[in-house]
Amino acid sequence: MNENLNPEPFVDATRAAEFLGIKPRRLLEMARAGQIPGHPLGTGARRTWRFRLSEIAREVESSR
């Protein structure tokens, strides 16, 4: 079956931070620094960030 039919949903910084057990502000700092995968939406300083938990989990596992 094609995985693209039901892609994993994006979550906001609050949910992604809960997943990692950190504060949303720290998560956003890490995303801006390229330390964890994130997807910025919009332009300028007030971007909205969205995350996929599977990408974050993969990054955490590979950094161990």
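Rules used throughout
Residues numbered from 1 in each chain as written. Predicted model: local features only at pLDDT ≥ 70, side-chain atom pairs only at ≥ 80, totals over all residues. Heavy atoms only, no water. Axes fitted to C-alpha atoms, helices over the stretch in contact; angles between N-to-C directions. Helix = DSSP H or I, 4+ residues; strand = E, 2+ residues; numbered from the N terminus. Parallel < 35°, antiparallel > 145°, perpendicular 65-115°, else oblique. Contact = heavy atoms within 4.5 Å. Nonpolar A, V, L, I, M, F, W, Y, C, P; charged D, E, K, R; others polar. pLDDT = per-residue confidence, 0-100. Buried < 20%, exposed > 50% of the residue type's maximum accessible area, 1.4 Å probe, protein only. Arc of directions from axis to C-beta.

## Quick look at the packing of helix H1 (residues 13-20) against helix H2 (residues 24-32)
At a minimum axis distance of 8 Å, the contact between H1 and H2 shows a crossing angle of 95 degrees. The pairing of H1 with H2 is recorded here as roughly perpendicular in orientation. Contact residues: Ala 13, Thr 14, Ala 16, Ala 17 and Leu 20 in H1; Pro 24, Leu 27 and Leu 28 in H2. A breakdown of the residues in the contact of H1 with H2 according to their chemical character gives seven nonpolar, one polar and no charged.

## Description of the confidence of the model for the chain
Averaged over the chain, the pLDDT score is 91; the fraction of residues at 70 or greater is 94%. Within the chain, helix H3 (residues 53-62) has the poorest average pLDDT of any element, 94, and H1 the best, 97.

## Observations concerning H2
All of the buried residues in H2 are Leu 27, Leu 28, Met 30 and Ala 31. One side of H2 holds all its buried residues, which, seen down the axis, span an arc of 160 degrees. More than 90 degrees from the buried face of H2, the exposed residues found are Arg 25 and Arg 32. Packing partners of the buried residues in H2 comprise H1 and strand E2 (48-50). Just downstream of H2 lies Gly 34, where phi reads positive at about 80 degrees.

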